[in-house]
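Report on the structure
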Amino acid sequence: MLIIYNTLTGKKEPFQPLVPKTVRMYVCGVTVYDYCHLGHARSALVFDMIRRYLEYVGYTVEFVKNFTDVDDKIIKRANEQGVSCETITTKYIEAYYEDMDKLGVRPASKEPKATESIADIIALIDKLVKKGMAYQLDGDVYFQVERYPDYGRLSKRKLEDLQAGARVEVDERKRHPMDFALWKSSKPGEPSWDSPWGAGRPGWHIECSAMSIKHLGETFDIHGGGLDLVFPHHENEIAQSCGATGKEFARFWIHNGFVQVNKEKMSKSLGNFFTIREIFEKSEWSEAVTGEILRYFLLSTHYHGPLDFSDQSLKEAKSALNGFYDLFNRLAEPGQETASGEQQLQTRIDDMKRAFESAMDNDLNTPVALAAFQTLRSDVNKLLGSGLSTKGRQAARQAFRSLGEVLGLFQLDRWEYGMDPQSGSYQMSGEEIEAKLSERIEAKKQKDFKRADAIRAGLASQGIIIEDKPDGTSRWKR
């Protein structure tokens, strides 16, 4: 049975959805005013992995992830550039999809925008006002935290001890310092919509409540996001949602940990802030980092803990994946007629599958799951020495491919792995490399070793490594 750490209760709990065989999951998406950074990549990848594993164990997953496309930062960026907010949000939504495609993150089942959900947002605010949970103040509407006695239960904080935090506006007019905006009155140069309280726009927190309730119902299974969203964003979501419906909002709250750079929290002020694009484009990394390498790196640490990003960690991820793809290249070669290692192979595959599922069932422990893949890699390399038929080699490759798909790994062929992340291609194609290998073998047959060495050197200059085999043939890798 799948066990998941629930931030709401502070402990691991057996996961069972409200509706058998169906999981309804909402994850807070990005505010689209800039390119996605490494923290966004981690969150997107974590919940892509969770979705994939839920599907692997037999659930249908209704996955909703939003875009916040009306926000103070968006308005500021638009004003700085002298363009509309829609121009800004369109640009960065397109960039988001490009980044996620490189990482192998699948689109959610539904990806609503806040600006497309204004009617639902207004209806939810109106419900809170009529229930006495919110109050109007000069065209603004605030949620009254003192009317929700359980405020603070997600973040484990007491209302009397709380101070105004991230995205909580300090306003002396409010009844309590922690009351938060549901609706903001219109200001010159800002986008606005008509409402019962005058022209304005929604506050940040109410957007997610309205969109998740619209698409998943008043109570659903999983709500997720980064650890930085626990307070105030998710705390406020719970208060306003439960206050409006009188029902539990989300049953499981899952949060991924922070990203650190060389043991320091990633931040723009420290100058260690990297977008996903910068990681692919920086000259010292560009030859090493591809989508699958970055994905392997992000999964090598348990989702709930901090993730330390460094040059060395990327090199380690690349080295690990090189080991797997070297094996896959060997498995692609013709097998022997004898199959003395085949029975042992199936035993090793079965052992690996049990270890993989055990790790994933224990709060989605991807580092332990990756260790199970490493064990199988070692076992298969040894069995190749004993002899595996073509059928056995295919079975081994399929084991890596089928279970690896849950993590979004091991799906590529040798000429795709390591592909340049910018151009999506190589200076030399696989066919061109094979032609050069044939030319080199012919040169060696003619005892033209100078020509053979020149071909090897030329391929090496393109990042191609040649491995000569005892039978006179060769194989290559990037």
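Described in the following lines is the structure provided in the data block. (Residues numbered from 1 in each chain as written. Predicted model: local features only at pLDDT ≥ 70, side-chain atom pairs only at ≥ 80, totals over all residues. Heavy atoms only, no water.)

1. Describing the sheet that holds strand E13 (residues 307-309)
In plain terms, the rule: Whether two strands pair comes down to DSSP finding at least two bridges between them. Under the DSSP-based scheme used, a helix requires at least four consecutive residues in state H or I and a strand at least two consecutive residues in state E, with every element numbered from the N terminus.
The 3 strands are arranged E12-E11-E13 in an open sheet whose pairing can be described as mixed. The sheet is open, and its two edges are formed by strand E12 (264-265) and E13, each paired on a single side. Alignment of strand E11 (residues 259-261) against E12, held across 2 bridges, turns out to be antiparallel. Directly across from Val-261, in E12, lies its bridge partner Glu-264.

2. Regarding the environment of Lys-12
Our working rule: Working rule for contacts: check all heavy atoms of both residues, and any pair within 4.5 Å makes them a contact. Polar contact is the term for a pair of N or O atoms within 3.5 Å; when the atoms are in protein, one must be able to donate a hydrogen and the other to accept it, and sequence-neighboring residues count only if both atoms are side-chain atoms.
Turning to its location among the elements, Lys-12 is positioned in strand E2 (residues 11-14). Along the chain, Lys-12 and Asp-221 lie 209 residues apart, while their C-alpha atoms are 15 Å from each other. With residues near it in sequence (within four places) discarded, Lys-12 still touches Ile-3, Ile-4, Tyr-5, Asn-362 and Asp-363. A polar contact of 2.9 Å, which involves the side chain of Lys-12, links it to the side chain of Asn-362.

3. Some words on unusual backbone geometry
Put simply, the rule is: Type-normalised accessible area, obtained with a 1.4 Å probe on protein chains alone, sets the label of each residue: buried when under 20%, exposed when over 50%, and partly exposed for intermediate values.
Omega for the peptide link from Phe-231 to Pro-232 comes to 5°, which places this bond in the cis form. Relative to the elements of secondary structure, Pro-232 occurs in helix H6 (residues 230-245). Of note in this structure, Lys-156 is not a glycine but carries a positive phi near 60°. Within the fold, Lys-156 resides in the loop between strand E6 (140-143) and strand E7 (180-185). In this model, Leu-364 sits at a positive phi of 55°, which is unusual for a non-glycine residue. Looking at the element boundaries, Leu-364 is found in the loop between helix H10 (342-361) and helix H11 (366-386). Accessibility expressed as a relative area gives 1% for Leu-364, which makes it buried.

4. Side note on the nonpolar core
Short version of the rule: We define the nonpolar core as a collection of buried residues of types Ala, Val, Leu, Ile, Met, Phe, Trp, Tyr and Cys that are connected through side-chain atoms lying within 4.5 Å of one another.
If you look at the biggest cluster of nonpolar residues, it comprises 89 residues, and the most contacted ones within it are Leu-294, Phe-356 and Phe-373. The biggest single contributor to this core is helix H1 (residues 38-56), with 10 residues. Once residues lying within four places of it in the same chain are set aside, the contact partners of Phe-356 are Tyr-53, Ala-369, Ala-372, Phe-373, Leu-403, Val-406 and Leu-407. If you look at the next biggest cluster of nonpolar residues, it comprises 45 residues, including Ile-118, Phe-180, Val-230 and Ile-238.

5. Some details on the sheet that holds strand E9 (residues 220-226)
To keep things clear, this is the line we draw: Here, axes are lines fitted to C-alpha atoms. For helices the fit covers the stretch in contact, and angles between N-to-C directions go from 0 to 180 degrees.
In space, the 4 strands of this open sheet follow the order E4-E3-E9-E10, with parallel pairing throughout. Of all strands in the sheet, those with a lone pairing partner are strand E4 (60-65) and strand E10 (250-256), marking the two edges. With strand direction ignored, the average angle separating the axes of adjacent strands in the sheet is 20°. With 6 bridges connecting them, strand E3 (residues 22-27) and E4 associate as parallel partners.

6. What to know about the side chain of Ser-117
Along the chain, Ser-117 falls in the loop between helix H3 (85-103) and helix H4 (118-130). Residue Ser-117 is classed as buried on the basis of its relative accessible area, which comes to 2%. At 3.0 Å, the side chain of Ser-117 and the backbone oxygen of Lys-113 are in polar contact. Setting aside its immediate chain neighbours within four residues, Ser-117 contacts Pro-112 and Met-211.

7. Structural notes on the pairing of E7
In terms of residue burial, E7 counts as a mostly covered element, since 5 of its 6 residues are buried. Summarising the sheet, E6 and E7 pair through 3 bridges and their orientation is antiparallel. Considered in E7, the bridge of Phe-143 is made with Phe-180. Where E7 lies against strand E8 (residues 200-202), 3 bridges are found, and the strand directions are antiparallel. Bridge pairing in E8 places Lys-184 opposite Arg-201.

8. Quick word on the packing of aromatic side chains
The condition that has to hold: Only rings of Phe, Tyr and Trp enter the pairing, Trp through its six-membered ring, and a pair is recorded when the two centres are within 6.5 Å. The plane angle decides the type: under 30 degrees is stacked, over 60 is edge-to-face, the rest tilted.
Under the definition given, this model contains 27 aromatic pairs. Here Tyr-56 and Phe-356 contribute two aromatic rings whose centre-to-centre distance is 6.3 Å and whose plane-to-plane angle is 90°, an arrangement assigned as edge-to-face. In this pair, Tyr-56 sits in helix H1 while Phe-356 sits in helix H10, placing the two residues 300 residues apart along the sequence. The exposure class assigned to Phe-356 is buried, which follows from its relative accessible area of 0%.

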